[in-house]
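# Chains, contacts and geometry: an overview
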Amino acid sequence: MTVSLEVAEGVGTLRLDRPPMNALDIATQDRLKELAEEATRREDVRAVVVYGGEKVFAAGADIKEMQEMDHTAMVLRARALQDSFTAVARIPKPVVAAVTGYALGGGCELALCADFRIAAENAKLGQPEILLGLIPGAGGTQRLARLVSPSKAKDLIFTGRMVKAEEAREIGLVDRVVPADEVYTQAHAWAARLAQGPALALRAAKESIDTGLETDLDTGLAIERNWFAGLFATEDRERGMRSFVAEGPGKAKFL
């Protein structure tokens, strides 16, 4: 399989495994969607790490495969391409990308689907599609602009240049830069810590932020208000408040 889902300590690792560069061909895209939806459904998965291995995250689409596709073929495929990435973005649980080596094109777009990105010191990220006479097609023009600002996204997309890890951190493309041999360990630790938290509240926070960013402030506040009130019906809210009153903050156990 080109993508696998392994679960430990409440953390599901979506592992890309298509040597040598984890090129994201159609079969890999479809498998990624399938496993992202499985991670969404499974109650034993409370947080997710997206990982490409020690050497490379994903160097982009399979260009040889794409070269054989004409306009009609891509019209038929483009939605499925986006849907495979959106399935990762819509996992209603904390998702962290553990980025090693290259995260280019579709690889960068996949990292953009995570809530948090931890990159190796030797990582390089970018959207080089313009060098092929194309633009990003798996969410890059939209998610990148929302994350780093339209002008910074245009710089990367218009030029197709790669950015090293430190520049990626400076512009907000990644959140943390660590030694290469610590990327997965730190990503898993981040996810494992959140996997111990209140699942419904984390889901509410993620949906409120993500959905709210797509709308106006008043609508976003309504989304927040409805989730906030709804959480008062949950056992986790009762447990959290009971623990706070009896023991002080940060002592509640949600599992």
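This text gives an overview of the structure that appears in the document. (Residues numbered from 1 in each chain as written. Predicted model: local features only at pLDDT ≥ 70, side-chain atom pairs only at ≥ 80, totals over all residues. Heavy atoms only, no water.)

## Points about the sheet that holds strand E5 (residues 102-104)
Here is the rule we go by: Any two strands with at least two DSSP bridges between them are considered paired. Helix and strand definitions here come from DSSP, where helices need a minimum of 4 consecutive H or I residues and strands a minimum of 2 consecutive E residues; each element is numbered from the N-terminal end. Angles here are taken between N-to-C directions and fall from 0 to 180 degrees, while the axes themselves are lines fitted to C-alpha atoms, restricted in helices to the stretch in contact.
With mixed pairing, 3 strands are arranged side by side in an open sheet as E5-E7-E8. The open sheet has two free edges, formed respectively by E5 and strand E8 (162-164), since each of these has just one partner strand. Each adjacent strand pair in this sheet contributes to an overall mean axis angle of 20°, direction not counted. Strand direction decides the pairing type here: E5 and strand E7 (residues 124-126), joined by 3 bridges, are parallel. Looking across to E7, one finds that Leu104 is bridged to Gly126.

## Describing the pairing of strand E2 (residues 11-16)
For clarity, the threshold we go by: Accessible area is worked out with a 1.4 Å probe on protein chains only. A residue is then buried under 20% of its type maximum, exposed over 50%, and partly exposed in between. We call a crossover right-handed when, viewed with the strands running away from us, the connection from the first strand over the helix to the second turns clockwise.
Taking burial as the measure, the 6 residues of E2 include 5 buried ones, the bulk of the element. Relative to E2, strand E1 (residues 3-8) runs antiparallel, the two being bridged by 6 bridges. Residue pairing for E2: Ala8 is matched across the bridge by Val11. With antiparallel pairing between neighbouring strands as the criterion, E1 and E2 make up a hairpin whose turn holds 2 residues, including Glu9 at a positive phi of roughly 60°. Summarising the sheet, E2 and strand E3 (residues 47-51) pair through 5 bridges and their orientation is parallel. The partner of Thr13 across the bridge, within E3, is Val49. In this fold, E2 hands off to helix H1 (residues 26-41), which returns the chain to E3; that crossover is right-handed.

## Describing the layout of surface pockets
Definition in use: In this analysis the probe radius is 1.4 Å and the grid spacing 1 Å, with only protein atoms considered; a cavity is a set of points the probe fits into but cannot get out of, a pocket is an open set with protein on both sides within 12 Å along at least five of seven lines, and lining residues have an atom within 4 Å of a point. Grid points are joined across faces, edges and corners, and a volume is the space filled by probe spheres set on the points. Note on residue classes: Ala, Val, Leu, Ile, Met, Phe, Trp, Tyr, Cys and Pro are nonpolar, Asp, Glu, Lys and Arg are charged, and everything else, Gly too, is polar.
Here the second largest pocket defines a volume of roughly 330 Å³. Lining the second largest pocket are 17 residues, and of these Glu43, Arg46, Lys93, Ala199 and Leu200 sit closest to its centre. Contributions of two or more residues to the lining of the second largest pocket are made by H1, helix H8 (183-195) and helix H9 (199-212). When residues of the lining of the second largest pocket are assigned to their parent elements, the largest contribution, 4 residues, is made by H9. By residue class, the composition of the lining of the second largest pocket is 8 nonpolar, 2 polar and 7 charged.

## Focus: the nonpolar core
Applied cut-off: Side-chain atoms within 4.5 Å link the members of a nonpolar core, which is a set of buried Ala, Val, Leu, Ile, Met, Phe, Trp, Tyr and Cys residues.
One finds Leu14, Phe57, Val99, Leu125 and Leu173 to be the most contacted residues of the largest nonpolar core, which totals 64 residues. Among the elements that line this core, the one with the most residues is H8, at 7 residues.

## Comments concerning helix H5 (residues 140-148)
What sets the pattern is the α-helix's 3.6 residues per turn: residues three or four places apart point alike. We apply this condition: Note: the arc covers the axis-to-C-beta directions of the helix. Should any heavy atoms of two residues lie within 4.5 Å, those residues are considered in contact.
Within H5, the full set of buried residues consists of Gly140, Leu144, Ala145 and Val148. Within H5, the buried residues cover an arc of 110° as seen down the axis, which keeps them to one side. Close packing links the buried residues of H5 with helix H4 (106-112), helix H6 (150-159) and helix H7 (165-171). One or two residues past the end of H5 sits Ser149, with phi positive at roughly 100°.

## Let's talk about H8
The test is simple: Expected helix span is taken as 1.5 Å per residue step, with the number of steps being one fewer than the number of residues.
A rise of 1.5 Å per residue sets the reference length of H8, with its 13 residues, at 18 Å; its end C-alpha atoms lie 18 Å apart and thus fit the reference within 8%. Listing the buried residues of H8 in full gives Val183, Ala187, His188, Trp190, Ala191, Ala192, Leu194 and Ala195.

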